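Listed below are the residues making up each chain.
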2 protein chains.
Amino acid sequence: MSSEQSLALQTALAYFRAWTSHEFEQAMRYVADDIVCQAPAGQLAGAEAFRGFMGPFADILTSSRLIAAFGDDETALLMYDAVTAPVKVAPGAECHTVRNGKITHMRIIFDRQPFTEARRAAAERAAAPDRRADD
Amino acid sequence: MSSEQSLALQTALAYFRAWTSHEFEQAMRYVADDIVCQAPAGQLAGAEAFRGFMGPFADILTSSRLIAAFGDDETALLMYDAVTAPVKVAPGAECHTVRNGKITHMRIIFDRQPFTEARRAAAERAAAPDRRADD
């Protein structure tokens, strides 16, 4: 695939390889200052909002695997498996619009439900860390 | 895109156009009898299990729009917006493996959370359909 990679796909894959290698600041070099990201919870505008969303996800990533990646001059489409600390099966799909080597728009799809369930279970454990008969 | 469509992409788009046009049985003509589908809730094996998963989703679809679609000889990758009766923003991404014009493997990613919330809200409404002071 590498010899035929579109410009958009080159950028998208450089971004993907960086954030999945825990080089998040390197990944942010491919993100436009005025990126608009449509995520499951809603729209994020600007690189700082994007960093606040994607940075914590990169932090909890333990491994990843690209399932498929395609692109043309301006668009790249990726699907990947991701394993995270709280959720073991956390695949994602991203559609990037790339202009001048920067990602200006990203549509990201993943299943929030297992993350919500993991947070709820963690909160319940925190509320009752060690059930004792006398408490 | 149409003049350069790969064989896998032709099949994937024919499937997509059929199910999003409420022609689900037509869509199933592109699905292999022994399809394996990795969905958010787990793996489905065989066309009947797939029908039981995807048919009800097609039934509640009110509109859709292809965001991006790419493919090569054997693989197609699609992302789409979907509007459903219970959930207005329900985008999905699918990676198809296609052999001999049939989809033999599908990886599908979507956010289950708004569907779970909609079901919960509907169950609460059903439990208290008309709150009266005397009930």
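Described in the following lines is the structure provided in the data block. (Residues numbered from 1 in each chain as written. Chains lettered and ligands numbered in written order. Predicted model: local features only at pLDDT ≥ 70, side-chain atom pairs only at ≥ 80, totals over all residues. Heavy atoms only, no water.)

1. Concerning the interface of chain A and chain B
Part 1 of the reasoning: Residue-level contacts link 25 residues of chain A with 25 residues of chain B.
Part 2 of the reasoning: Taken together, the two surfaces of chain A and chain B that pack against each other cover about 2,100 Å², and 66% of this comes from carbon and sulfur.
Part 3 of the reasoning: Measuring nitrogen to oxygen at the nearest pair gives 2.5 Å for the salt bridge that ties Arg107(A) to Asp81(B).
Part 4 of the reasoning: Where chain A meets chain B, there are 6 residue pairs in polar contact (both at pLDDT 80 or more).
Part 5 of the reasoning: Of the residues that constitute the side of chain A that touches chain B, the class distribution is 14 nonpolar, 5 polar and 6 charged. (Contact = heavy atoms within 4.5 Å. Buried area = accessible area lost by both parts, 1.4 Å probe. Salt bridge = Lys/Arg side-chain N within 4 Å of Asp/Glu carboxyl O. Polar contact = N/O pair within 3.5 Å; in protein donor to acceptor, adjacent residues only side chain to side chain. Nonpolar A, V, L, I, M, F, W, Y, C, P; charged D, E, K, R; others polar.)

2. Things to note about the sheet that holds strand β4 (residues 75-84) of chain B
Residue and element names in this part refer to chain B.
Part 1 of the reasoning: If you trace the 6 strands from one edge of the open sheet to the other, you get β2-β1-β6-β5-β4-β3, paired in mixed fashion. The open sheet is flanked by β2 (42-45) and β3 (61-71), the only strands paired with a single partner. Within this sheet the neighbouring strands show an average axis-to-axis angle of 20 degrees, counted without direction.
Part 2 of the reasoning: In terms of strand pairing, strand β1 (residues 31-39) meets β2 through 4 bridges, oriented antiparallel. Following the sheet pairing, Cys37 is matched in β2 by Leu44.
Part 3 of the reasoning: Across the sheet, helix α3 (residues 47-60) is in contact with β1, β2, β3, β4, β5 (92-99) and β6 (102-110); its angle to β1 comes to roughly 70 degrees. (Pairing = 2+ DSSP bridges. Helix = DSSP H or I, 4+ residues; strand = E, 2+ residues; numbered from the N terminus. Axes fitted to C-alpha atoms, helices over the stretch in contact; angles between N-to-C directions.)

3. Thoughts on the pattern of salt bridges
Part 1 of the reasoning: In this structure the tally under the stated criterion is 12 salt bridges over all chains.
Part 2 of the reasoning: A salt bridge links Asp111(B) to Arg112(A); the shortest N-O distance between them is 2.6 Å. Within this pair, whereas Asp111(B) is found in the loop between β6 and α4 (113-127), its partner Arg112(A) is found in the loop between β6 (102-110) and α4 (113-127), the two belonging to separate chains.
Part 3 of the reasoning: Judged by relative accessible area, which is 9%, Asp111(B) ranks as buried. (Buried < 20%, exposed > 50% of the residue type's maximum accessible area, 1.4 Å probe, protein only.)

The values reported here are purely geometric and, on their own, carry no functional implication.
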